[in-house]
Structure formats: C-alpha cells, structure tokens
Amino acid sequence: MQTWIFQGNPDQFDVDAYLATSPTQLPWLVTRYAQQIEMGDRVFIWRTKGSGEKDAGIIAETTVVAPAIPRPESAEAVSFWRADTEQATQVLPRALLRLNRFASKKEVLRRDWLAQDPILSELPNLKMAAGTNYPVTPEQASRLYALWSRTGQDWSRDECVAGLWAYVKTLRTPVSRLPGSPVAIVSQLTGRAVPGVYNKVMNFRSIDPRDERAGLPASAATDERVWNEFFDPAANELREAGVEEEFNRLWMSTPGSAGPALDAQAAEERAEAAARRLEDQELDDLLARYQAGLAVRPLRPRASSSTTRVYDRDPLVIAIARKRAGHRCEVPGCNHPPFLGADGLPYCEVHHVIPLAEGGEDRIENAACLCPSHHREVHLGSQRNVLEAQLKELRAAAL
C-alpha cells in the first residue's frame with residue numbers, strides 16, 4: 001500500500017475544527033495522482049502554516065476508503081470553508097477518507113522537526129509546497145509512522161537510557177543534530193524527533209551536578225530515576241560503561257532492523273483514550289455515528305507489519321513463579337473465581353513487580369502470579385499503587 005500526504009491550507013478551510021467533529025468520512029480534493037491513489041492507502045493530513053499561530057505539520061492519519069472520482073464536498077464540511085467557497089460547492093475529483101486519528105496539540109508532527117530529520121527532510125511537500133497530494137517513499141512512510149506512534153507520549157525508561165547514552169557521547173563536545181550524530185542515532189532508534197532527543201540530552205545536562213553548562217530542567221521523574229540508576233553520588237561519577245552496556249542491550253540487540261520499534265502499548269493507550277472521549281456522548285449518538293460510517297468501515301481492520309519492543313523472558317522464571325504460587329493469584333484476599341486452562345490447571349499470569357520496561361529484573365524475586373483480572377488492574381486500575389505495594393511487600397517477606 002502507498003502512503004500519501006494530503007495538504008490543506010487553514011486560511012481556506014478550518015481543518016482542525018472539522019476534524020474535531022470526528023467526521024465519519026472525508027472527501028478530500030485530489031489534484032494529482034488520482035489514478036495511483038487506491039483503497040487502503042494511508043494518508044497523513046498536513047496543515048500548512050497559513051496566517052494563524054498554529055504550527056504547520058501533520059495533524060491526522062486517515063485511510064482511503066474510496067478512489068478519487070468526481071464527487072461533491074460533504075454537507076458537514078461546507079460550513080468550515082473560509083475562502084474559495086466556490087470550490088466547496090463544485091463536484092471535483094475527491095478521494096474518500098476514513099479518519100483514524102486526529103492529533104492533540106502535543107502530538108502534531110511539526111514541520112520544523114521534519115525538516116531537521118535525516119529521512120523526512122526530503123519530503124516532497126517540504127521541497128514543493130504548492131500542491132495538494134504528495135506520494136511518500138516507503139522509507140519516509142516508516143519513519144513518519146514511527147514518529148506518529150511516539151510523539152506526545154511520555155518517554156519510557158528504555159528511551160531515557162538512549163537519551164542518557166546520547167548525553168554521555170556528547171558530554172565533552174558540542175551537541176550536534178546532524179545525521180550520524182548520537183542525537184540523530186537515538187532519534188532513529190526510538191522513533192523520536194531529533195529536537196526531542198536534543199532536549200532530552202539537555203534534560204540530563206541539567207540533572208548532572210558536574211556539568212556547569214546550561215541545560216533544560218528535567219520534565220519527567222523517569223529522567224531522574226534513570227540518572228540515579230547510573231550516577232554514583234559518593235564518587236561524583238557517572239558509570240559511563242554501564243550506560244553503554246545497557247544501551248547496547250536495549251537498542252543494539254536486533255541487527256538489521258529496518259526501523260525503530262513501535263510502542264504497541266502506546267497504540268493501545270491511544271485507542272483507549274479515544275474510546276473514553278467518545279463515551280462522553282449518548283449511546284444513541286454513538287450508534288447513529290456507527291451506522292453512518294458502516295459504508296466506509298471495513299469488516300475487518302487493516303493489519304500492518306511493524307517491529308514492536310519485546311523482552312526475552314526466561315521460561316524458567318515463569319514456571320517457578322506459577323509453581324511457587326500453586327497456580328493461584330498472589331494478591332492478598334483475591335476472590336476472583338479461577339478458570340482452568342487448556343492444561344487443566346488454574347489459569348494465571350506472571351507479572352514483574354518492577355516492570356521490565358522500568359528496569360526490573362527477570363528474576364523470581366521480582367515475579368508474582370496473578371489472576372487475569374488483577375493483572376490488568378495492576379497495570380490499568382485506580383488501585384494499582386496499592387497492589388504494587390502489596391506485591392513488593394509479598395516478595396520482600398519471601399526473601
């Protein structure tokens with residue numbers, strides 16, 4: 001499938017306000033490549049700068065659900081036209097799009113970020129802005145999707161380790177953003193924008209008590225935790241070899257990878273957040289929206305191939321944790337009725353008390369056996385802090 005950028009001028013059409021209505025289908029003007037645009041293609045919506053204060057860049061992701069043929073503008077969109085309203089009333093070649101995601105303010109892929117990117121600086125609409133539809137190369141598409149999956153999300157512990165590695169590599173030199181620099185390398189590995197990695201390096205500069213240069217205050221507790229993991233305050237030294245070793249373990253263990261690993265959990269959280277926003281509406285309104293979109297909604301969701309970050313867990317740790325708990329949930333007072341798995345034993349799942357993604361060890365001392373309900377609750381529930389404390393106390397008592 002091809003990936004495209006469709007561009008819109010906010011001075012002509014209030015694309016932000018329109019997309020905020022969560023339209024079921026979007027007819028989008030096609031001035032070029034009409035014969036190449038096919039059903040199933042991915043389209044990123046690009047908002048140009050215009051005369052307003054909003055940044056230019058990618059604000060939405062859509063899928064083509066009908067080819068570009070002469071069709072009118074949708075009745076719901078007509079009121080959002082600000083200029084050239086004659087075009088809004090004409091029957092013109094338009095592809096029909098389904099909105100997959102509309103970015104929040106902090107999730108927009110800003111033009112200046114993409115212009116600094118080693119791969120995306122060659123995007124066709126950055127070279128030739130006067131147009132509506134632009135094809136994207138497979139390499140550019142992969143990079144765009146990586147940025148789209150991570151921008152606006154909190155940095156994970158693994159990503160912060162990569163940022164600390166870039167800080168170590170630039171500790172005694174000017175911090176470059178050029179291709180091949182530590183900042184650019186971490187950007188490509190993590191799916192973060194180059195300026196975002198640069199800012200992370202500045203965060204660690206601010207934390208480092210030995211560095212007298214100006215930095216940026218750390219924006220997240222994860223930065224402090226990662227720093228404390230490798231800094232020895234008594235010796236006033238950063239364990240640079242330890243940072244290198246951890247960076248290599250996390251990010252350099254998959255040779256030949258075509259691109260950064262995408263965060264499946266982040267994608268799931270985005271879907272959940274979108275669902276919660278929709279739940280603010282009445283059920284009848286949601287059903288009406290669903291019925292209106294049936295014509296363009298596929299019976300089966302599109303599947304895409306990507307690399308996701310996973311940890312190679314030790315089966316021995318899993319087996320011991322289950323046997324040790326007698327295949328029962330270890331949350332004190334758990335009364336969720338168990339069910340039998342295919343092996344005839346009560347079904348349970350093994351949870352790392354300190355998650356692997358937060359630097360937890362794959363050891364039996366860090367493993368607990370949980371029923372499916374409590375396993376989801378310890379990750380997503382309002383009482384997860386209470387459950388975490390109980391499990392830590394349980395393992396400490398066992399030791």
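Use the structure listed above.
All values reported here derive from a predicted model rather than from experimental measurement.

1. Describing the pattern of salt bridges
Okay, step 1: Counted according to the given criterion, the structure contains 21 salt bridges.
Okay, step 2: Note that Arg47 is salt-bridged to Asp16, the shortest N-O span being 2.6 Å. Linking Arg47 in strand S3 (residues 42-47) with Asp16 in helix H1 (residues 15-19), this pair joins segments that are 31 residues apart in sequence. Here the two residues Arg47 and Asp16 agree in accessibility, since each one is buried.

2. Digging into unusual backbone geometry
Okay, step 1: Residues other than glycine seldom take positive phi values, yet Ser22 does so here, at roughly 50 degrees.
Okay, step 2: Turning to its location among the elements, Ser22 is positioned in the loop between H1 and strand S2 (26-29).
Okay, step 3: With a phi close to 55 degrees, Asn236 is a non-glycine residue in the positive phi region.

3. Quick look at the packing of aromatic side chains
Okay, step 1: One pass over the structure, following the stated rule, counts ten aromatic pairs.
Okay, step 2: Centroid distance Phe339 to Tyr347: 5.2 Å. Interplanar angle 15 degrees. Geometry classified as stacked.
Okay, step 3: Overall, the relative accessible area of 46% leaves Phe339 in the partly exposed class.
Okay, step 4: Ring-pair connections join several aromatic residues into one group, and the members of that group are Phe13, Tyr18, Phe80 and Trp81.
Okay, step 5: Directly above the aromatic system of Tyr134 lies the positively charged group of Arg32, at a separation of 5.3 Å from the ring centroid.

4. Some remarks on the side chain of Thr170
Okay, step 1: Along the chain, Thr170 falls in the loop between helix H7 (157-169) and helix H8 (182-190).
Okay, step 2: Sequence-distant contacts of Thr170, that is, excluding residues within four places in its chain, are made with Val175, Pro182, Val201 and Arg213.

5. Details of the packing of H7 against helix H9 (residues 194-207)
Okay, step 1: Their axes nearest at 8 Å, the elements H7 and H9 cross at an angle of 75 degrees. Judged by the angle between their axes, H7 and H9 are roughly perpendicular. Across the interface between the two elements, Cys160, Gly163, Leu164, Ala166 and Tyr167 from H7 touch Lys200, Val201, Phe204 and Arg205 from H9.
Okay, step 2: Partitioned by chemical class, the residues of the contact of H7 with H9 number six nonpolar, one polar and two charged.

6. With respect to the environment of Tyr33
Okay, step 1: One can find Tyr33 in the loop between S2 and S3.
Okay, step 2: Judged by relative accessible area, which is 28%, Tyr33 ranks as partly exposed.
Okay, step 3: In sequence terms Tyr33 and Ala68 are 35 residues apart; their C-alpha atoms lie 9.2 Å from each other.
Okay, step 4: Once residues lying within four places of it in the same chain are set aside, the contact partners of Tyr33 are Trp4, Asn133 and Pro135.

7. Examining the side chain of Arg205
Okay, step 1: On the secondary structure map, Arg205 appears in helix H9.
Okay, step 2: Although Arg205 lies buried, it forms no salt bridge, and the closest oppositely charged side chain, Asp211, sits 4.0 Å away as judged by the N-O distance.
Okay, step 3: Non-local contacts of Arg205, meaning those with residues more than four positions away in its chain, are made with Tyr167, Val175, Asp211, Arg213, Ala214 and Gly215.

8. Here we look at the environment of Leu356
Okay, step 1: Within the element layout of this structure, Leu356 appears in the loop between strand S10 (349-352) and strand S11 (367-370).
Okay, step 2: Leave out the neighbours within four places in its chain, and Leu356 touches Tyr311, Arg313, Glu361 and Asp362.

9. Remarks on H8
Residues spaced three or four apart along an α-helix point in a common direction, a consequence of the helix completing one turn every 3.6 residues.
Okay, step 1: Within the sequence span of H8, burial applies to Val183, Ala184, Val186, Ser187 and Thr190. Take H8 and look down its axis: the buried residues cluster within an arc of 165 degrees, on one side only.
Okay, step 2: On its buried face, H8 sits against helix H6 (138-150), H7, H9 and helix H11 (240-251).

10. Side note on the nonpolar core
Okay, step 1: Judged by nonpolar contacts, the single largest core of 44 residues is most densely connected at Phe6, Ile45, Leu97, Leu114, Leu123 and Leu144.
Okay, step 2: For this core, the element with the most residues is strand S4 (residues 57-71), which contributes five residues.
Okay, step 3: Leu164, Leu171, Val186 and Trp227 belong to the second largest nonpolar core, which has 28 residues in total.

11. Let's talk about the pairing of S2
Okay, step 1: Residues Leu26 and Trp28 of S2 are buried on one face, and the alternating residues Pro27 and Leu29, pointing to the opposite face, are buried as well.
Okay, step 2: Inspection of the sheet shows S2 paired to strand S5 (residues 92-102) by four bridges, in the antiparallel sense. Opposite Leu26, over in S5, you have Leu97 as the bridge partner.

12. Things to note about the packing of H7 against H8
Okay, step 1: Following both chains from N to C, one finds H7 and H8 inclined at 165 degrees, their axes separated by 9 Å at the closest point. Judged by the inter-axis angle, H7 sits roughly antiparallel to H8. Crossing handedness for the pair H7 and H8: right-handed. Contacts between H7 and H8 involve Glu159, Ala162, Gly163, Trp165, Ala166 and Lys169 from the first element and Pro182, Val183, Ile185, Val186 and Thr190 from the second.
Okay, step 2: Counted by class, the contact of H7 with H8 contains seven nonpolar, two polar and two charged residues.

13. Brief notes about helix H16 (residues 384-398)
Okay, step 1: Its 15 residues give H16 an end-to-end C-alpha distance of 21 Å, which sits within 8% of 21 Å, the value for a rise of 1.5 Å per residue.
Okay, step 2: Burial in H16 covers these residues: Leu387, Leu391 and Arg395. Across the axial projection of H16, the buried residues extend over an arc of 70 degrees, all falling on one side. Exposed side chains of H16 directed beyond 90 degrees from the buried face belong to Asn385, Glu393 and Ala397.

Cut-off values and rules
Residue positions within a chain follow its written sequence, with the count starting from 1. With the structure being a predicted model, the display of local features is reserved for residues of pLDDT at least 70 and the display and counting of side-chain atom pairs for 80 or more, all residues being used for whole-chain, interface and lining totals. Derived side-chain values reflect all non-hydrogen atoms in the structure, with water molecules and hydrogen atoms excluded from consideration. Salt bridge, as used here: a side-chain nitrogen of Lys or Arg that lies within 4 Å of a carboxyl oxygen of Asp or Glu. Every helix listed is a DSSP run of H or I at least four residues long, and every strand listed is a run of E at least two residues long, numbered separately from the N terminus. Relative accessible area decides the class of each residue, using a 1.4 Å probe on protein chains only: under 20% of the type maximum gives buried, over 50% gives exposed, and in between gives partly exposed. Only Phe, Tyr and Trp rings take part, Trp by its six-membered ring, and two of them pair if their centres are within 6.5 Å. Stacked means planes under 30 degrees apart, edge-to-face means over 60, and tilted covers everything else. Only when the NZ of Lys or the CZ of Arg is both within 6 Å of the ring centre and within 35 degrees of the ring normal is a charge said to sit over the ring. By the convention used here, residues are in contact when the closest approach between their heavy atoms is within 4.5 Å. To obtain an axis, a line is fitted to C-alpha atoms, over the contacting stretch when the element is a helix, and the angle between two such axes runs from 0 to 180 degrees between their N-to-C directions. Any angle between 65 and 115 degrees counts as roughly perpendicular, while under 35 counts as roughly parallel, over 145 as roughly antiparallel, and the rest as oblique. When residues are sorted by character, Ala, Val, Leu, Ile, Met, Phe, Trp, Tyr, Cys and Pro go into the nonpolar class, Asp, Glu, Lys and Arg into the charged class, and all the rest, Gly among them, into the polar class. Lys and Arg are tallied as positive, Asp and Glu as negative. Neither His nor the chain termini are counted. What the arc measures is the spread of directions leading from the helix axis to the C-beta atoms. The term nonpolar core refers to a set of buried residues drawn from Ala, Val, Leu, Ile, Met, Phe, Trp, Tyr and Cys, joined through side-chain atoms within 4.5 Å. We treat two strands as partners when DSSP finds at least two bridges between them. Crossings are classed by handedness, with left-handed meaning an anticlockwise turn of the near helix from the far one by less than a right angle and right-handed meaning a clockwise turn. Here a helix's expected span is defined as the number of its residues, less one, multiplied by 1.5 Å.

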